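A closer look at the structure
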Amino acid sequence: MIDRDDITGLILAGGRGSRMGGVDKGLQAHLGMPLAMHALLRLSPQVGEVLINANRNLAAYESMGAPVWPDALPDYPGPLAGFLAGLEHCATPYLATVPCDSPQFPADLVARLAERLDADGAEIAIAATREDGELRLQPVFCLMNATVIESLIRFTASGQRKIDAWTATLRHVAVEFDDARAFINANTVAELRGLQR
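Reference entry: report on the structure contained in this document. (Residues numbered from 1 in each chain as written. Predicted model: local features only at pLDDT ≥ 70, side-chain atom pairs only at ≥ 80, totals over all residues. Heavy atoms only, no water.)

Comments concerning the state of the cysteines
Inspection of every chain in the model, using the stated rule, returns 0 disulfides. No disulfide involves Cys90; its sulfur sits 12 Å from the nearest other cysteine sulfur, which is in Cys142. Classification of Cys90 by relative accessible area gives buried; the value is 14%. (Disulfide = S-S within 2.5 Å. Buried < 20%, exposed > 50% of the residue type's maximum accessible area, 1.4 Å probe, protein only.)

As for the layout of surface pockets
When its volume is computed, the largest pocket comes out at roughly 900 Å³. In terms of lining, the largest pocket is formed by 34 residues, of which the most central are Lys25, Pro79, Asp101, Asn185 and Asn187. The set of elements that each furnish at least two residues to the lining of the largest pocket consists of strand E1 (7-13), helix H3 (79-88), strand E7 (124-131) and strand E8 (134-145). It is E8 that contributes the most residues to the lining of the largest pocket, 6 residues altogether. (1 Å grid on protein atoms, 1.4 Å probe; cavity = no way out; pocket = protein on both sides within 12 Å on 5 of 7 lines; lining within 4 Å. Points joined across faces, edges and corners; volume = space filled by probe spheres on them. Helix = DSSP H or I, 4+ residues; strand = E, 2+ residues; numbered from the N terminus.)

Thoughts on helix H1 (residues 35-43)
One full turn of an α-helix is made of 3.6 residues, so residues set three or four places apart face in the same direction. With 7 of its 9 residues buried, H1 lies for the most part within the structure. Where H1 is concerned, the buried positions are Leu35, Ala36, Met37, His38, Ala39, Leu40 and Leu43.

Points about the packing of aromatic side chains
Going through the model one piece at a time under the given rule, you end up with 4 aromatic pairs. Joined through ring pairs, the aromatic side chains of Phe105, Phe141, Phe177 and Phe183 make up one cluster. Looking at Arg42, its charged tip hangs above the ring of Phe105, at a distance of 6.0 Å from the centre. Note that Arg112 overlies the ring of Phe177, its terminal NZ or CZ placed 4.1 Å from the centroid. (Phe/Tyr/Trp six-rings, centres within 6.5 Å; stacked < 30°, edge-to-face > 60°. Lys NZ or Arg CZ within 6 Å of the ring centre and 35° of its normal.)

Describing the side chain of Ser102
Tracing the sequence through the fold places Ser102 in the loop between strand E6 (94-99) and helix H4 (109-120). Of note is the side chain of Ser102, whose polar atom sits 3.3 Å from the backbone oxygen of Ile184. In this view, Ser102 contacts Phe141, Phe183, Ile184 and Asn185; residues no more than four positions away in its chain are not counted. (Polar contact = N/O pair within 3.5 Å; in protein donor to acceptor, adjacent residues only side chain to side chain. Contact = heavy atoms within 4.5 Å.)

Thoughts on the pattern of salt bridges
A side chain of one charge can pair with a side chain of the opposite charge if their charged atoms are brought near each other. Under the defined criterion, the tally for this structure stands at 5 salt bridges. Residues Arg116 and Asp120 are paired through a salt bridge, measuring 3.3 Å at the closest nitrogen-oxygen approach. With Arg116 and Asp120 both in helix H4 and 4 residues apart, the pair spans about one turn of that helix. Residue Arg116 is classed as partly exposed on the basis of its relative accessible area, which comes to 31%. Ionic pairing is found between Arg136 and Glu131, a salt bridge with its closest N-O pair at 2.7 Å. (Salt bridge = Lys/Arg side-chain N within 4 Å of Asp/Glu carboxyl O.)

Thoughts on the nonpolar core
If you look at the biggest cluster of nonpolar residues, it comprises 37 residues, and the most contacted ones within it are Ile7, Ile11, Ile52 and Leu109. Of all the secondary-structure elements, those providing two or more residues to this core are E1, H1, strand E4 (49-54), E6, H4, E7, E8 and strand E9 (172-176). Residues contacting Ile7, with those up to four places away along its chain left out, are Ile2, Val47, Gly48, Glu49, Thr92, Tyr94, Ala96, Val110, Ala114 and Leu143. Counting 22 residues, the second largest nonpolar core, distinct from the first, contains Leu10, Leu87, Ile163 and Trp166. (Core = buried A, V, L, I, M, F, W, Y, C linked by side-chain atoms within 4.5 Å.)

Regarding unusual backbone geometry
Backbone geometry places Leu31, a non-glycine residue, at a positive phi of 50°. Tracing the sequence through the fold places Leu31 in the loop between strand E2 (29-30) and strand E3 (33-34). A relative accessible area of 59% means that Leu31 is categorised as exposed. For Asp132, which is not a glycine, the phi torsion comes out positive at approximately 55°. Among the structural elements, Asp132 can be located in the loop between E7 and E8.

In structure tokens, the structure reads:
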């Protein structure tokens, strides 16, 4: 069994927000609170400590009460840069990641990922949901062994940025969650409004 205190949680808030007009997505209001704050409140009880990955408005994120680390790589290269920043500052054996724009992710997300990671002897456990009968990975919702940092450094140093291509190189396990709605994210202003219904 993996102890909760052995897991650091990472909120990924380092994107460009290009589909939302370039705004800082994690700071957009949802039910009276920034999206990233929803993620922080939901993730905190599931892990030992929480970090935030952000590349702008750092003071606003720091005011949420968690350490904030920018991408380890330049030019907003995507979630893997956030993973790398999290792993570089993770003082526990495991790192769990969630995006800042999915405020309804499961309250037992990390526990279920940890159970399967441990049982399968995997390096990374990735949440998955069914869509039209197909199992679809939700790769930004994952739990990884901190030892994968060396693999990730090599992968990103070679110029690669695709999250699925990297996780495919690891011993990985997909963990199916029944409620696909829990993983809905707000990429656009319309989707953010939709979350509030």
